[in-house]
Amino acid sequence: MDLDGFRTERGLLWPAYDERCAQVTFRETGEALPEILARVPGRRVVVQAGGNCGPLVRLLAPVFEAVYTFEPDPRNFVALTVNTAQLANVHRYQAALGANRGRIGLAQGDARFPANCGALYASGAGAIPTLQIDDLGLEVCDLILLDVEGAEAQAIQGAANTIIAHRPVVVIESKGLGERFFGEPPDLAEQALTVMGYRRALKLRAD
């Protein structure tokens with residue numbers, strides 16, 4: 001595996017160009033996890049996206065029997081793969097999540113920090129596959145964690161059968177990126193969950 005263009009960040013492989021994501025990630029990753037897990041009675045299967053370079057996946061793997069993680073960016077996915085290589089219960093997909101299968105491109109969404117490997121969002125046509133959570137055909141699902149830069153509502157649409165069948169706890173990022181990047185109504189992801197019989201149990205922070 002060619003690891004040119006990467007650096008080591010707190011013992012983990014990281015894209016060398018990144019000037020922002022690592023700083024935030026190592027400060028905040030896992031901060032809210034105890035409060036989330038307190039509301040998750042099962043510890044069997046978690047679906048998580050975006051996987052980024054793997055710090056959150058590394059925290060989830062000892063807790064759940066199986067972790068399914070999605071990361072569309074090729075550089076992040078290399079880091080994710082290396083950083084979680086020893087975790088046999090982690091299933092990695094280099095793909096975005098959405099309502100429909102297809103292929104997308106990625107664009108940088110952070111104008112303040114253009115070198116931010118954690119702020120890439122789906123934009124236009126490209127080579128990166130988009131999958132549905134329903135494609136996994138899960139027999140159980142206890143938790144869905146979505147931080148997909150505004151595509152949360154689309155990911156929920158693609159997880160409708162899984163959500164209805166298994167009633168997992170669902171955690172979404174909610175800071176207006178769906179409206180900004182995709183022209184969606186505000187809180188569309190939460191509205192989609194409300195239609196499926198969900199209610200907001202907790203708001204920790206926007207991100």
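Residues numbered from 1 in each chain as written. Predicted model: local features only at pLDDT ≥ 70, side-chain atom pairs only at ≥ 80, totals over all residues. Heavy atoms only, no water.

Asks: Could you give an account of unusual backbone geometry, with specific residues and numbers?
Replies: Here the residue pair Ala49 and Gly50 is connected by a cis peptide bond, since its omega of -10° sits within 30 degrees of zero. Assignment of secondary structure puts Gly50 in the loop between β3 (45-49) and α3 (55-60). Positive phi, close to 50°, is recorded for Arg10, a residue that is not glycine. Note that Arg10 resides in the loop between β1 (6-9) and β2 (12-15). For Asn52, which is not glycine, the phi torsion reads 55° and is therefore positive. Inspection of the secondary structure assignment puts Asn52 in the loop between β3 and α3. (Helix = DSSP H or I, 4+ residues; strand = E, 2+ residues; numbered from the N terminus.)

Asks: Go over the layout of surface pockets with me, naming the residues and quoting the values.
Replies: For the second largest pocket, the calculated volume is near 190 Å³. Along the walls of the second largest pocket sit 18 residues, with Ser174, Gly176, Gly178, Asp187 and Leu188 positioned nearest its centre. At the level of elements, α5 (152-157), α7 (177-182) and α8 (188-195) are the ones that each hand at least two residues to the lining of the second largest pocket. Classifying every residue of the lining of the second largest pocket gives seven nonpolar, four polar and seven charged. (1 Å grid on protein atoms, 1.4 Å probe; cavity = no way out; pocket = protein on both sides within 12 Å on 5 of 7 lines; lining within 4 Å. Points joined across faces, edges and corners; volume = space filled by probe spheres on them. Nonpolar A, V, L, I, M, F, W, Y, C, P; charged D, E, K, R; others polar.)

Asks: Which residues make up the sheet that holds strand β5 (residues 90-93), and what are the values?
Replies: Taken together, five strands build an open sheet; the order of strands is β5-β4-β3-β11-β12 and the sheet is parallel. For this open sheet the edge positions go to β5 and β12 (169-172), each flanked by a neighbour on one side alone. Averaged over all pairs of adjacent strands, the angle between their axes in this sheet comes to 10°, without regard to strand direction. Of the strand pairs in this sheet, strand β4 (residues 66-70) and β5 are connected by four bridges, and their pairing is parallel. What sits directly across from Val67, in β5, is Val90. (Pairing = 2+ DSSP bridges. Axes fitted to C-alpha atoms, helices over the stretch in contact; angles between N-to-C directions.)

Asks: Could you give me a rundown of the sheet that holds strand β6 (residues 96-97), with the residues and numbers involved?
Replies: Sheet architecture is open: three strands sit in the order β6-β10-β7, paired in mixed fashion. For this open sheet the edge positions go to β6 and β7 (102-104), each flanked by a neighbour on one side alone. By the bridge criterion, three bridges tie β7 to strand β10 (residues 128-131) in an arrangement that is antiparallel. If you follow Arg103 over to β10, its bridge partner there is Pro129.

Asks: Hey, could you go over the packing of aromatic side chains for me, with residue numbers and the actual values?
Replies: In total, this model carries five aromatic pairs according to the counting rule given. Pairing Trp14 with Phe26 gives two aromatic rings, centres 5.3 Å apart and planes at 45°, and the pair type is tilted. Of this pair, Trp14 sits in strand β2 while Phe26 sits in helix α1 (residues 21-28); the two residues are 12 residues apart in sequence, bridging distant segments of the chain. For Trp14, a relative accessible area of 0% gives the class buried. Under the relative-accessibility criterion, Phe26 is labelled partly exposed at 21%. Ring geometry for Phe70 and Tyr93: centres 4.8 Å apart, planes at 15°, overall stacked. One end of the pair, Phe70, is in strand β4; the other, Tyr93, is in strand β5, with 23 residues separating them in the sequence. The partly exposed category is assigned to Tyr93, whose relative accessible area is 28%. (Phe/Tyr/Trp six-rings, centres within 6.5 Å; stacked < 30°, edge-to-face > 60°. Buried < 20%, exposed > 50% of the residue type's maximum accessible area, 1.4 Å probe, protein only.)

On their own, these measurements won't tell you what the molecule is for.
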